[in-house]
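Observations on chain architecture
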Amino acid sequence: MFRKHGSKFIQRFILQCVKFMIDLEDDPQWSLKDEMEEEDPKSNVVVGEGLIDRLSIAIGGRVLLQPIMATAPSLLQSADWRLRHSGLMMLGAMAEGCYDQMFTILDQIVLLVVPYCQDPHCRVRFAACNALGQFSIDFPLHFQKKYHTKVVPSLLMVLNDIENPQVQSHAAAALVNFIEQCPKAVLAKYIDDIVFKLEDIFSMKLKELLEKGTKQVLGQVITTTATVAEAMGDQFAQYYNRFMPSLKYIVANVTKKEYRLLRGKTIECISLIGLAVGAEKFMHDAADVMKLLLKLQTEQDIHMEVDDPQISYMMSAWGRMCKILGQSFVEYLPVVMEPLLKIASHQPEFTFVDSVDAEEAYNKDGGWEFITLADHQRLGVRTFGLDDKFTACQMLVVYARDLKGGFVDYVEPVAKIMIPLLRFLFHDMIRIVAAEILPYLLEDIQG
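What counts and how
- Residues numbered from 1 in each chain as written.
- Predicted model: local features only at pLDDT ≥ 70, side-chain atom pairs only at ≥ 80, totals over all residues.
- Heavy atoms only, no water.
- Salt bridge = Lys/Arg side-chain N within 4 Å of Asp/Glu carboxyl O.
- Buried < 20%, exposed > 50% of the residue type's maximum accessible area, 1.4 Å probe, protein only.
- Helix = DSSP H or I, 4+ residues; strand = E, 2+ residues; numbered from the N terminus.
- Core = buried A, V, L, I, M, F, W, Y, C linked by side-chain atoms within 4.5 Å.
- Contact = heavy atoms within 4.5 Å.
- Pairing = 2+ DSSP bridges.
- Axes fitted to C-alpha atoms, helices over the stretch in contact; angles between N-to-C directions.
- Left-handed = near helix turned anticlockwise from the far one by under 90°.
- Nonpolar A, V, L, I, M, F, W, Y, C, P; charged D, E, K, R; others polar.
- Patch = residues over 30% accessible without salt bridge, like charges linked within 9 Å, V, L, I, M, F, W, Y side chains within 5 Å.
- Areas by Shrake-Rupley, 256 points an atom, 1.4 Å probe, with all protein chains shown as cover.
- 1 Å grid on protein atoms, 1.4 Å probe; cavity = no way out; pocket = protein on both sides within 12 Å on 5 of 7 lines; lining within 4 Å.
- Points joined across faces, edges and corners; volume = space filled by probe spheres on them.
- Phe/Tyr/Trp six-rings, centres within 6.5 Å; stacked < 30°, edge-to-face > 60°.
- Arc of directions from axis to C-beta.

**Side note on the pattern of salt bridges**
- Under the counting rule described, the total for this entry stands at 15 salt bridges.
- With a shortest N-O distance of 3.7 Å, D80 and R82 are connected by a salt bridge.
- Under the relative-accessibility criterion, D80 is labelled partly exposed at 29%.
- For D308, the salt bridge is made with R260, and the minimal N-O distance between the two is 3.7 Å. Linking D308 in the loop between helix 16 (279–303) and helix 17 (310–325) with R260 in helix 15 (residues 260–277), this pair joins segments that are 48 residues apart in sequence.
- Overall, the relative accessible area of 17% leaves R260 in the buried class.
- Connected through shared salt-bridge partners, D34, E35 and K215 make up one network.

Shown next as structure tokens:
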């Protein structure tokens, strides 16, 4: 209906979205903040971007692409940084919904976006990195294969922006998006440039952490390094010693509460590097890493709060260490399994409601989702803890699959948790994992 009768309103709609998206303050401190502020979902900027995203998905590129491409170039050429910012964010927001039509003119769009990685305003450079990161996700493989010569040097250049940590961090995040879908043969062309750049920034930001306490860029660079290692596999071994000593130092010594997320990312990076380079290369550090993880696990059991971000990183890291160590990991199960079973057993809060008003009352508290049952009742579940529950169940699958007979002592308690989860209404993936583990548990019993 809208495609047929509403197309005449599209241009006006886009311009109204632009008015929302330029409602930005020129805050000179924005780029210097050490933490990315959570965006207000009711702010004009977020609403405007969301409208473009939803409209592109709803009506597609055959209707939306032409009017946006008629608008974006003039926005990008404006002297007002807010308009340039909105043009770039608009191009990123429409990519998913306009995939087929954008694909045919992606050359033109990339040529539009890349120069703004050198824009004089930091918020525009941020938006350019955001668009390139979004294209990496929405046009996987094709974008990496065809545009790597333009995208990788541009993002590495923005990584030099040490005066604007928010922009520098976002360039590293966009590089993650690019690398995750990049063929190894393409990535290999840039691996030295990428790794040496990450190493330089890592060293600089670790020094800043110890002297000033700043952490955002360091945390993102650690995540980007982990992504590179995962993508390159055993070819990352030649760079192993450039990162591992400092990563171990962070886990051992950066212990204040405000650095919990940083430690979690560091633990993730260590385990991903170990998995990438293989047991032989990692074995020299494996004992030290296991001691650090065991110490942190003990602290977790005693002191760690339920919302501590380290919990999910720890669970995943133990799973990777199991893959690296194989049957040698069995001796650590008594320490690992107790908290894991506790998290896997988490029972979410739920409620039944019979009106929209009642549902909205729960949504004010946040973290509630509702599904409709056969009798038209609405069942609500508080989603807090469900992601950790899913991660815990995934790790149980890893142990049951990889340790075989070494896991036999835990088959019964795990089965008591996982079998009821076959009917867990609140999370599709938990049901899938519950089904996945059952054959492995039977194999473990058979020896």
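**Things to note about the nonpolar core**
- Ranked by size, the top nonpolar core spans 151 residues in total, and within it F135, F329, Y399 and F407 carry the most contacts.
- By residue number, the principal contributor to this core is helix 20 (residues 386–403), which donates 11 residues.
- Among all residues touching F329, those that are not within four sequence positions of it are M290, W318, M321, C322, V336, Y399 and L403.

**Let's talk about the pairing of strand 1 (residues 350–353)**
- Residue alternation in strand 1 divides its side chains into a buried set, T351 and V353, and an unburied set, F350 and F352.
- Sheet topology places strand 1 next to strand 3 (residues 378–382); four bridges connect them, and they run antiparallel. The partner of V353 across the bridge, within strand 3, is R378.

**Here we look at the packing of helix 3 (residues 44–59) against helix 5 (residues 81–93)**
- It is at 9 Å that the axes of helix 3 and helix 5 come closest, and there the two elements cross at 30 degrees. When the axes of helix 3 and helix 5 are compared, the crossing they make is right-handed. For the pair helix 3 and helix 5, contact is made by E49, I52, D53 and S56 and by M89, M90 and A93, respectively.
- Tallied by class, the residues present in the contact of helix 3 with helix 5 amount to four nonpolar, one polar and two charged.

**Thoughts on a nonpolar patch on the surface**
- Nonpolar side chains collect at one region of the surface, where V408, L442 and I445 lie side by side and expose about 270 Å² of accessible area between them.
- With respect to the helices, strands and loops of the structure, V408 is situated in the loop between helix 20 and helix 21 (411–418).

**A look at the layout of surface pockets**
- Considering only enclosed or pocket space, the largest pocket measures out at about 610 Å³ in volume.
- L24, W30, E39, V45 and R123 are, among the 24 residues lining the largest pocket, the residues nearest its centre.
- At four residues, the largest contribution of residues to the lining of the largest pocket is made by helix 3.
- Split by residue class, the lining of the largest pocket holds seven nonpolar, six polar and 11 charged.

**Remarks on the packing of aromatic side chains**
- Scanning the model with the defined rule gives 15 aromatic pairs in all.
- Pairing W30 with F126 gives two aromatic rings, centres 5.2 Å apart and planes at 80 degrees, and the pair type is edge-to-face. Of this pair, W30 sits in the loop between helix 2 (10–21) and helix 3 while F126 sits in helix 8 (residues 122–138), placing them 96 residues apart in sequence. The same class applies to W30 and to F126, which are both buried.
- Both rings, one in F143 and one in Y147, keep their centres 5.5 Å apart while their planes meet at 45 degrees; by these two values the pair is tilted. Of this pair, F143 and Y147 both sit in helix 9 (residues 142–158), four residues apart, roughly one helical turn.

**Observations regarding helix 21**
- The complete set of buried residues in helix 21 reads V411, V414, A415, I417 and M418. Buried residues of helix 21 fall within an arc of 160 degrees about the axis and therefore sit on the same side. Facing away from the buried surface of helix 21 by more than 90 degrees, the exposed residues are E412 and K416.
- Tucked into the core, helix 21 has its buried residues touching helix 18 (333–344), helix 20 and helix 22 (428–446).

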